[in-house]
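Analysis of the macromolecular model
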Amino acid sequence: MRTQRSRDRRVGGQASLIAGALLAGLVLLGQTSGCPEVCRCYGNTTDCSGLGLVSMTTVVPLPRGTAGLSLAQNNLSRLGAAELANLSSSSLELLDLSQNLLARLPAGVFLPLGSLRSLNLSSNALGSSSSSSSSSSSSSSSSSSSSSSSLQPRNASEEPPLVGWDGGSRPGSRGLQGLNRASFRGLWRLRALDLSDNGLQWLPAGLLDGLRGLVWFSLSRNRLSVLGRAALDPLGRLEQLQLSGNPWQCDCRLGGFRLWLDWMVYRGQHAALIGHILGLQSVSLSL
């Protein structure tokens, strides 16, 4: 009888130790992967929108299993690889950075977030550098040399000479915008990208080369006047392209875009245009 009681005490003691260890582990887990104090968390989503944040330091680390992060409607003006690297352990699939003050995306800045499937960068200032450069060049044109003025557009909405009419890089103006050909490097899983409302005047050559899985893409309400075939060629799986609200120049420079549409149809995709093709209100591509 005593032997049985001794065994029960030992088993009970071991169970208490295990329970205590589990409780300590849960407390530690809560400390390391709990919801950031300034944010709201529900399910696998962390909502840090509308907080006036100027950096991401207060929102990391994210809770374990976070798949969606909203940083919309803040005052973020820059993204650093170090800041985004702190999000890499969360297997993030959706990142909303809309309605911030982002004016530049450095090359490879999203490399730590290779699991992203949806990226919202709408309503930022990724084309503002180009606009400010154009306006400052125009205001000082009377005192500048002819060689330097030839590198700038004649006005803010005019498209400078294109390399191969591809709507991509342009001599003398490369790098004036906040995007470069490596801004989205590493996002090979991305399926949706929103660049609307950024004041973009052109797309840098090679910008979309690594986004061959993209199915939804918005360039609405920018300052685009042409869109060349070379910029869109990598997007063989695209199903919806939003282009409304741009000052399109309906001339022969849109021929490359028409060739791209023909290519999509040739590949077996049906192109249903909403509105007249020269109006470019919207383009929906469905299998």
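Residues numbered from 1 in each chain as written. Predicted model: local features only at pLDDT ≥ 70, side-chain atom pairs only at ≥ 80, totals over all residues. Heavy atoms only, no water.

Structural notes on the overall build of the protein
Each helix and strand counted, the protein has six helices and 10 strands in total. Once local pairs closer than 6 in sequence are excluded, the contacts in the protein between residues at least 24 apart make up 63%. For the protein, the accessible area works out to roughly 14500 Å², and carbon and sulfur atoms hold 54% of it. (Helix = DSSP H or I, 4+ residues; strand = E, 2+ residues; numbered from the N terminus. Contact = heavy atoms within 4.5 Å. Areas by Shrake-Rupley, 256 points an atom, 1.4 Å probe, with all protein chains shown as cover.)

Section: the state of the cysteines
Inspection of every chain in the model, using the stated rule, returns two disulfides. Here Cys-35 connects covalently by a disulfide to Cys-41, the sulfurs 2.0 Å from one another. Because the sign of the S-S torsion sets the handedness, a value of about 85° for the bond joining Cys-35 and Cys-41 places this disulfide among the right-handed ones. Looking at Cys-41, the relative accessible area reads 32%, which means it is partly exposed. Sequence-ordered numbering of the bonded cysteines in the protein yields a pairing of 1-3, 2-4. (Disulfide = S-S within 2.5 Å. Buried < 20%, exposed > 50% of the residue type's maximum accessible area, 1.4 Å probe, protein only.)

Quick word on the packing of aromatic side chains
Each aromatic ring pair is specified by the distance between its two centres and by the angle formed by the two planes. For the structure on display, the rule yields two aromatic pairs. Ring centres of Phe-110 and Phe-184 lie 6.2 Å apart, and the angle between their planes is 20°; this geometry places the pair in the stacked category. Here the residue Phe-110 occupies a position in the loop between β4 (94–96) and β5 (118–120), and Phe-184 occupies one in the loop between α4 (146–149) and β6 (192–194), the gap between them amounting to 74 residues. With respect to burial, Phe-110 and Phe-184 carry one shared label: buried. Centroid distance Phe-257 to Trp-260: 5.9 Å. Interplanar angle 25°. Geometry classified as stacked. One end of the pair, Phe-257, and the other, Trp-260, are both in helix α6 (residues 255–266), three residues apart, so they sit about a helical turn from each other. (Phe/Tyr/Trp six-rings, centres within 6.5 Å; stacked < 30°, edge-to-face > 60°.)

Digging into the side chain of Ser-122
By the element assignment, Ser-122 lies in the loop between β5 and α3 (128–139). A polar contact is formed between the side chain of Ser-122 and the side chain of Asn-120, at a distance of 2.8 Å. When neighbours within four sequence positions are excluded, Ser-122 is seen to be in contact with Leu-97, Ser-98, Gln-99, Asp-194, Ser-196 and Asn-198. (Polar contact = N/O pair within 3.5 Å; in protein donor to acceptor, adjacent residues only side chain to side chain.)

Examining the pattern of salt bridges
In the structure shown here, the tally under the stated rule is five salt bridges. With a shortest N-O distance of 2.9 Å, Asp-197 and Arg-221 are connected by a salt bridge. Note that Asp-197 is positioned in the loop between β6 and β7 (216–218) and Arg-221 in the loop between β7 and α5 (229–232), a separation of 24 residues in sequence. (Salt bridge = Lys/Arg side-chain N within 4 Å of Asp/Glu carboxyl O.)

A word on unusual backbone geometry
Residue Pro-61 is bonded to the preceding Val-60 through a cis peptide linkage, with omega at 0°. Tracing the backbone shows Pro-61 in the loop between β2 (45–47) and β3 (68–70). Even without being a glycine, Gln-99 presents a positive backbone phi close to 55°. The exposure class of Gln-99 is partly exposed, given its relative accessible area of 42%.

Concerning the environment of Leu-84
Take Leu-84: it is sitting in helix α2 (residues 81–85). Judged by relative accessible area, which is 0%, Leu-84 ranks as buried. Taking C-alpha positions, Leu-84 is 8.5 Å from Leu-111, a pair spaced 27 residues apart along the chain. Beyond its immediate chain neighbours, meaning those up to four positions away, Leu-84 contacts Met-56, Val-109, Phe-110, Pro-112 and Leu-113.

Considerations on the confidence of the model for the protein
On average, residues of the protein score 74 in pLDDT, and 64% of them reach the 70 mark or higher. Between residues 21–32, whose pLDDT stays under 50, and residues either more than four places distant or in other chains, the model counts three contacts. In this model, residues 130–175 is a region of pLDDT below 50 whose contacts with residues beyond four sequence positions or in other chains number 62 contacts. (pLDDT = per-residue confidence, 0-100.)

A few points about the nonpolar core
Note on soluble globular proteins: their nonpolar side chains tend to be buried together. With 52 residues, the main nonpolar core has Phe-110, Leu-119, Phe-184 and Leu-193 as its most contacted residues. Among the elements of the structure, α5 and α6 are those that each provide at least two residues to this core. When residues no more than four places from it in sequence are discounted, the contact partners of Phe-184 are Leu-105, Phe-110, Leu-119, Leu-121, Leu-179, Leu-193, Leu-195, Leu-207 and Leu-211. (Core = buried A, V, L, I, M, F, W, Y, C linked by side-chain atoms within 4.5 Å.)

Section: the side chain of Asn-198
Looking at the secondary structure, you find Asn-198 in the loop between β6 and β7. Within the local environment of Asn-198, its side chain forms a polar contact with the backbone nitrogen of Leu-126, the two atoms lying 3.2 Å apart. Those residues in contact with Asn-198 that sit more than four places away from it in its chain are Leu-121, Ser-122, Ser-123, Asn-124, Ala-125, Leu-126, Gly-127, Ser-128, Arg-221 and Asn-222.

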